[in-house]
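Chain by chain, the residues run as shown.
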Amino acid sequence: DDSRILQMEVTRFGQDEALVIVRDVTRLHNLEQMRRDFVANVSHELRTPLTVIAGYLETLQASGQAPKNWDRPLGQMSEQTARMTSLVNDLLLLARLETSERDSGRDRVSVRELMERVAGEARSLSADRHEISVHCEEDCILTGDAGELHSAFANLAFNAVKYSPDGGPIELRWKADAAGGHYSVKDAGIGIDPMHIPRLTERFYRVDAGRSRESGGTGLGLAIVKHVLLRHNANMSVASVPGRGSTFTLNFPPQKLTLASSA
Ligand code: ADP
């Protein structure tokens, strides 16, 4: 067909001269689309076999009929199956976030309720190794996609747990001002060297692959957060001191908020 995607670049020279470069990026665009579809299809197709394997493994373990010396191997098989399941789910979610329409969510989400829910989930991941507190200065209603907002809020809280292996306080905080709403998660964990910060939201980028894998990470969490934020006109900032801890902040524009008291 003849629908083409063109990219134009204009450089001005003085008053009345300019250099215009027009590039045909149709092929690049189509390839990118194919890559996304491929990842989405593969992830989707892998879900059924994984469910079957996980189901039979669980049945076998519960039956008590597996040979005794198979306890460990079976345990590892379940663990790796669970890992693969979360990887496939994250890949599918990411592919969906990349393709579907931007700014489509119209759910009205209470920030306080979302934070309480996320804190509860983070507490069960932490198994009492951290003191997780919620400070919601003023409840707001966020407009967006409830499921996506939950994954963004939760990912930061789970990372705070995963990357503070020695425990310590974790603070979930919400502030609203003229510039918008700010959700931050502060931990007293391992911290991040500044050189890594610009790359954290790349797919599969990890500062320490071993540690990430050990803590059940897929390397896709912050890539998912980034895409959720793009779809909500929001952005993320990171402050961190290696060995001291990190603060991740999500900034939402005022247009996405209403004060809960005035709703
Ligand atoms: P993962 O599944 O590996 O946790 P993420 O995309 O969520 O993947 O995070 C990417 C990397 O950023 C992690 O592997 C880790 O190195 C680093 N990171 C994320 N959050 C924190 C944190 N709170 N403290 C220290 N490092 C972090």
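Residues numbered from 1 in each chain as written. Predicted model: local features only at pLDDT ≥ 70, side-chain atom pairs only at ≥ 80, totals over all residues. Heavy atoms only, no water.

Under an unreviewed UniProt entry, the name given to the protein chain is Phosphate regulon sensor protein PhoR, and the organism recorded is Microbulbifer hydrolyticus. Recorded in UniProt under Catalytic activity (unreviewed entry), the annotation for the protein chain is "ATP + protein L-histidine = ADP + protein N-phospho-L-histidine." (UniProt positions renumbered as here; feature names shortened; annotations may be inferred.)

Moving on: helix 4 (residues 146-162). Between its terminal C-alpha atoms helix 4 stretches 24 Å, which fits the 24 Å expected from 17 residues at 1.5 Å a residue. Most of helix 4 sits inside the fold, with 13 of its 17 residues counted as buried. Its side-chain oxygen 3.1 Å from the backbone nitrogen of G147, D145 forms the N-cap of helix 4. (Helix = DSSP H or I, 4+ residues; strand = E, 2+ residues; numbered from the N terminus. Expected span 1.5 Å × (residues − 1). Buried < 20%, exposed > 50% of the residue type's maximum accessible area, 1.4 Å probe, protein only. Polar contact = N/O pair within 3.5 Å; in protein donor to acceptor, adjacent residues only side chain to side chain.)

With that out of the way, let us pick up the sheet that holds strand 7 (residues 180-187). Sheet architecture is open: five strands sit in the order 4-6-7-9-8, paired in mixed fashion. Where the open sheet ends on each side, the last strands, each with one partner, are strand 4 (130-136) and strand 8 (235-241). For this sheet, the mean angle separating the axes of adjacent strands, direction not counted, is 10°. Bridge count for strand 7 against strand 9 (residues 245-252) is six bridges, and the pairing is antiparallel. Paired with S184 across the strands is T249, a residue of strand 9. Along the sheet face, helix 3 (residues 111-126) touches strand 4, strand 6 (168-177) and strand 7 and points at about 175° away from the line of strand 4. In this fold helix 4 packs onto strand 4, strand 6, strand 7, strand 8 and strand 9, with an angle of close to 25° to the strand it touches most, strand 7. (Pairing = 2+ DSSP bridges. Axes fitted to C-alpha atoms, helices over the stretch in contact; angles between N-to-C directions. Contact = heavy atoms within 4.5 Å.)

Now for a nonpolar patch on the surface. Taken together, the side chains of L6, M8, V10, V20 and V22 define a hydrophobic patch exposed on the protein surface, amounting to about 500 Å² of accessible area. Of all the secondary-structure elements, those providing two or more residues to the nonpolar patch are strand 1 (6-13) and strand 2 (17-24). Judged by its relative accessible area of 60%, M8 is exposed. (Patch = residues over 30% accessible without salt bridge, like charges linked within 9 Å, V, L, I, M, F, W, Y side chains within 5 Å. Areas by Shrake-Rupley, 256 points an atom, 1.4 Å probe, with all protein chains shown as cover. Salt bridge = Lys/Arg side-chain N within 4 Å of Asp/Glu carboxyl O.)

Moving on, we get to the side chain of D187. Note that D187 resides in strand 7. As a buried residue without a salt bridge, D187 has its nearest oppositely charged side chain in K186, at a separation of 9.4 Å. Sequence-distant contacts of D187, defined by excluding residues within four places in its chain, comprise A160, S164, P169, I170, R244, G245 and S246. (Lys, Arg positive; Asp, Glu negative; His and termini not counted.)

To continue, consider the sheet that holds strand 5 (residues 140-144). Ordered by their spatial adjacency, three strands build an open sheet running 3-5-10, and the pairing between neighbours is antiparallel. Each edge of the open sheet is held by one strand with a lone partner, namely strand 3 (107-110) and strand 10 (257-259). Going across the sheet, the axis of each strand differs from the next one's by a mean of 30°, ignoring polarity. Summarising the sheet, strand 5 and strand 10 pair through three bridges and their orientation is antiparallel. By the bridge assignment for strand 10, I141 is matched with T258. Of the strands in this sheet, strand 3 and strand 5 touch helix 3, which is tilted by about 65° from strand 3. Helix 4 rests against strand 3 and strand 5 of the sheet, and its axis sits at about 115° to strand 5.

Let's shift gears to the state of the cysteines. Under the defined criterion, the tally for this structure stands at zero disulfides. C136 takes part in no disulfide bond, and the closest cysteine sulfur to it belongs to C140, at a distance of 7.1 Å. Residue C136 is classed as buried on the basis of its relative accessible area, which comes to 13%. Exposure remark for C140: the relative accessible area of 1% places this residue in the buried category. (Disulfide = S-S within 2.5 Å.)

Attention shifts here to the site of the ligand. Near the ligand, the surroundings consist of 20 residues, among which Y163, S212, T218, G219 and L222 are the closest. Separating an oxygen atom of the ligand from a backbone N or O atom of G221 is a distance of 3.3 Å. One of the backbone N or O atoms of L222 is found 2.8 Å from an oxygen atom in the ligand. Those elements that provide at least two residues to the shell around the ligand are helix 4, helix 6 (221-231) and strand 9. By residue class, the composition of the shell around the ligand is nine nonpolar, eight polar and three charged. (Near = heavy atom within 4 Å. Nonpolar A, V, L, I, M, F, W, Y, C, P; charged D, E, K, R; others polar.)

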